[in-house]
Amino acid sequence: MSEPIRRRPRRLASAVTDAGSWPVLLALVTLLLCGLPGGAIAAVNATVDRNPVMVGETFNLTLRSTDEREGNPDWSALEGRFRVLNTVSGSEYRLVNGRASRSRHWTVTLVATRPGDYEIPSIQVGSTSTNPIPLTVVAPEAGDGPRDAFIEFEADRDSAYVQEQALLTVRLYVSGDLVSGQLGEPSAPNAVIEQIGEQSESRAIRDGQRYHLFERRYVLFAEQPGELVITAPQFTGEISTGRRRSSMFNLGQFAGQTRQIFAEGEPMTVSIQPPPADWTGPWLPASNVELEQSLVPNSGPFVA
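Residues numbered from 1 in each chain as written. Predicted model: local features only at pLDDT ≥ 70, side-chain atom pairs only at ≥ 80, totals over all residues. Heavy atoms only, no water.

A short note on the sheet that holds strand E4 (residues 73–74)
Each strand in a sheet pairs with its neighbour through backbone hydrogen bonds, running either in the same direction (parallel) or in the opposite one (antiparallel). Spatially, 3 strands are ordered E4-E8-E9 in an open sheet, and the strand pairing comes out antiparallel. Because the sheet does not close on itself, it has two edges, and the strands there are E4 and strand E9 (128–129). Two elements, E4 and strand E8 (residues 124–125), share 2 bridges in a ladder whose sense is antiparallel. The residue bridging Asp74 from the neighbouring strand is Gln124, located in E8. (Pairing = 2+ DSSP bridges. Helix = DSSP H or I, 4+ residues; strand = E, 2+ residues; numbered from the N terminus.)

So, the pairing of strand E18 (residues 234–240)
Across the two faces of E18 the burial differs, with Phe235, Gly237 and Ile239 buried and Gln234, Thr236, Glu238 and Ser240 not buried at all. Where strand E14 (residues 178–183) lies against E18, 5 bridges are found, and the strand directions are antiparallel. Residue pairing across strands places Gln182 opposite Thr236, the latter belonging to E18. Across 7 bridges, E18 lies against strand E19 (residues 258–264) in antiparallel orientation. Across the sheet, residue Gly237 finds its bridge partner in E19, namely Ile261. (Buried < 20%, exposed > 50% of the residue type's maximum accessible area, 1.4 Å probe, protein only.)

Re the nonpolar core
With 27 residues, the main nonpolar core has Val174, Leu220, Leu228, Ile230 and Phe235 as its most contacted residues. Per-element tally for this core: the top contributor is strand E13 (residues 165–174), with 5 residues. Excluding residues that lie within four positions of it along the chain, Leu228 makes contacts with Ala188, Pro189, Ala191, Leu220, Ala222, Met268, Thr269, Val270 and Ile272. Core analysis: the second largest hydrophobic core is formed by 18 residues, Leu63, Val108, Ile120 and Leu135 among them. (Core = buried A, V, L, I, M, F, W, Y, C linked by side-chain atoms within 4.5 Å. Contact = heavy atoms within 4.5 Å.)

Remarks on the pattern of salt bridges
Any two side chains of opposite charge can pair, so long as their charged atoms come close to each other. All told, the structure shown has 10 salt bridges when counted by the stated rule. Among the ionic pairs, Arg171 bridges to Glu152, the shortest N-O distance being 3.8 Å. Of this pair, Arg171 sits in strand E13 while Glu152 sits in strand E11 (residues 149–155), placing them 19 residues apart in sequence. Of the charged contacts in the structure, one is a salt bridge between Glu185 and Arg216, with a shortest N-O distance of 3.4 Å. Of this pair, Glu185 sits in the loop between E14 and strand E15 (191–206) while Arg216 sits in strand E16 (residues 209–222), and the two are 31 residues apart along the sequence. Overall, the relative accessible area of 45% leaves Glu185 in the partly exposed class. The network of salt bridges with shared partners includes Glu152, Glu154, Arg171, Arg206 and Glu215. (Salt bridge = Lys/Arg side-chain N within 4 Å of Asp/Glu carboxyl O.)

Below is the structure:
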């Protein structure tokens, strides 16, 4: 067994001595690398499922690696450029012409919040990195077709006294068939915000497009004077795409049947005024105050 191992370097060395044999040598090295499982050269590529995209519209960035031994992607390069919603990963096994191959993939759902020309930066996966991808984000009015979802957020006044009631309205518009979703709450520092009544659902038309409309109303009571910045709620959900994808490895699965969507309202500012300087006594700003008292039991005799 040891004798053939000593002979192989001699043959290789004799091939190197001939300058015209370099292409043959390179071909032999390539074949050796491809034939050895541990010597396969890993490749990582990145793709997006749509380009351009509209502001607030979700899109998927997918990374695929031919080496299962590589680590997980480093998504930190995306921070500050896009809003990252969630990430899913998986592996694939293929058998083509008797040759088996395995690969891994990661899909991250992103949202661009401002229009412009962007670049999805290079993503590091183990010792390999992907190429940057140019991405165009257009304003909603410049896009084709209805938006997946958007939020209108408004107050009934732009100025109020401390502890005076202000009404907030949140309207969520969703196109398509909503499968699931989660709508957050507005928030503000040094203020009490409470929902009043039940959420209403109806249909509405915006910019010639028909949407499902979900509306909520809130009351706000500011506790300190100054400029109060109210953060608008966010929405994440899934809509039906009506597509079914199936193969011999995922029979019965509906991987392409839903798509994740995202919406976020614009924050707004309300100027909160302190009580007038000449005010004395208890402070209760209101347009109408009622005081009601009841006695139990409701029949006498009563003794003071």
